Amino acid sequence: MNWTAIVPVKRGGARKSRLAKHLSPEQRNELSDILVARVLESLDAAPSVTSIVVLSESPHDDARLGWHPDLGRGLNVELSAFAAAAGIRRLLIIHGDLPLLTGDDVEALISAATRHGIAIAPDRHGQGTNALAFRDEESFDFAFGNDSCNLHRQASGHKAVIVDRAGLSVDIDTHDDLLFAHAAGFSWPRS
């Protein structure tokens with residue numbers, strides 16, 4: 001099956017702001033770039049993903065990737081606009097801050113969505129949504145933000161399956177997340 005992956009990416013100087021007490025702006029930007037590159041490489045390694053689109057304020061530097069402009073209306077509105085405009089029936093939304101992600105993790109999420117219609121990859125706390133895959137949905141109420149895992153389950157009519165894998169659940173938003181990722185094997189060369 002052919003799946004399109006969309007990766008929301010922040011550009012500019014305000015990336016990973018919750019790490020500001022521990023990392024300089026340059027370090028936060030470097031970390032963000034490394035994490036996004038890891039996610040894009042993992043998507044590229046997943047045979048079911050045939051198209052990768054970056055959702056951001058400005059185009060991505062890699063000509064192999066598609067781009068959809070982020071007009072600053074909020075992630076849920078931007079994703080809904082993309083899904084409606086693109087008319088894509090097999091869509092994977094995945095955040096660009098998953099340091100342990102592999103192509104196998106991506107395939108596991110897609111496989112679950114193929115079987116059940118909708119699959120959610122929660123964060124390691126079980127509250128946020130790090131990735132969401134759905135097939136054959138004409139529309140979906142995106143609810144990224146606080147308690148998004150529960151809200152996405154509700155939006156799916158509770159038919160979504162949860163995919164719990166380290167590569168999908170470990171994200172980096174806070175200093176504790178960074179320490180947890182390091183303990184789980186993520187190495188980040190600090191400048």
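Residues numbered from 1 in each chain as written. Predicted model: local features only at pLDDT ≥ 70, side-chain atom pairs only at ≥ 80, totals over all residues. Heavy atoms only, no water.

### Some remarks on the overall build of the protein
Link 1 in the chain: Counting its regular elements, the protein contains 6 helices and 7 strands.
Link 2 in the chain: The secondary structure elements of the protein, listed N-terminal to C-terminal, are β-α-β-β-α-β-α-β-β-α-β-α-α.
Link 3 in the chain: At 16 Å, the protein has a C-alpha radius of gyration in line with the 16 Å of a compact globule built from 191 residues.
Link 4 in the chain: Dimensions of the protein, computed from the C-alpha atoms along their principal axes, are close to 45 × 30 × 30 Å.
Link 5 in the chain: Burial analysis of the protein (191 residues in total) assigns 47% to the buried set.
Link 6 in the chain: The contacts of the protein with a sequence gap of at least 6 include a subset with a gap of at least 24, amounting to 63%.
Link 7 in the chain: Of the roughly 9000 Å² that the protein leaves accessible, carbon and sulfur atoms contribute 48%.
Link 8 in the chain: The distance from the centre of the 19 positive side-chain charges to the centre of the 25 negative ones in the protein is 2 Å. (Helix = DSSP H or I, 4+ residues; strand = E, 2+ residues; numbered from the N terminus. Rg over C-alpha atoms; globule rule 2.2 N^0.38 Å. Buried < 20%, exposed > 50% of the residue type's maximum accessible area, 1.4 Å probe, protein only. Contact = heavy atoms within 4.5 Å. Areas by Shrake-Rupley, 256 points an atom, 1.4 Å probe, with all protein chains shown as cover. Lys, Arg positive; Asp, Glu negative; His and termini not counted. Charge placed at Lys NZ, Arg CZ, Asp CG, Glu CD.)

### What to know about the packing of aromatic side chains
For any pair of aromatic rings, the description consists of the separation of the ring centres together with the inter-plane angle of the planes.
Link 1 in the chain: Applying the stated criterion across every chain yields a total of 4 aromatic pairs.
Link 2 in the chain: A ring pair is formed by Phe 134 and Phe 140, whose centres lie 5.5 Å apart and whose planes are at 20°; its orientation type is stacked. Each member of the pair, Phe 134 together with Phe 140, is buried.
Link 3 in the chain: Between Phe 140 and Phe 142, the aromatic rings sit 5.6 Å apart at their centres with planes inclined by 65°, giving edge-to-face as the arrangement. The same class applies to Phe 140 as to Phe 142, namely buried.
Link 4 in the chain: Each residue in the set Phe 134, Phe 140, Phe 142 and Phe 144 is aromatic and connected to the rest through ring pairs, giving one cluster.
Link 5 in the chain: A cation over an aromatic ring shows up here: Arg 124 above the ring of Phe 180, its NZ or CZ 4.1 Å from the ring centre. (Phe/Tyr/Trp six-rings, centres within 6.5 Å; stacked < 30°, edge-to-face > 60°. Lys NZ or Arg CZ within 6 Å of the ring centre and 35° of its normal.)

### Side note on the sheet that holds strand E5 (residues 118-122)
Link 1 in the chain: Ordered in space as E3-E2-E1-E4-E6-E5-E7, the 7 strands form an open sheet in which the pairing is mixed. Bordering the open sheet on either side are strand E3 (66-69) and strand E7 (161-162), each of which pairs with just one other strand.
Link 2 in the chain: Looking at chain direction, strand E1 (residues 3-8) and strand E2 (residues 49-56) are connected through 6 bridges and run parallel. Following the sheet pairing, Ala 5 is matched in E2 by Ile 52. (Pairing = 2+ DSSP bridges.)

### Considering the pattern of salt bridges
Pairing is possible between side chains that carry opposite charge, provided their charged atoms lie close to one another.
Link 1 in the chain: Counted under the stated rule, the structure contains 9 salt bridges.
Link 2 in the chain: The partner of Asp 33 in a salt bridge is Arg 15, and the shortest N-O contact between them spans 2.6 Å. Of this pair, Asp 33 sits in helix H1 (residues 25-44) while Arg 15 sits in the loop between E1 and H1, and the two are 18 residues apart along the sequence.
Link 3 in the chain: For Arg 15, a relative accessible area of 10% puts it in the buried group. (Salt bridge = Lys/Arg side-chain N within 4 Å of Asp/Glu carboxyl O.)

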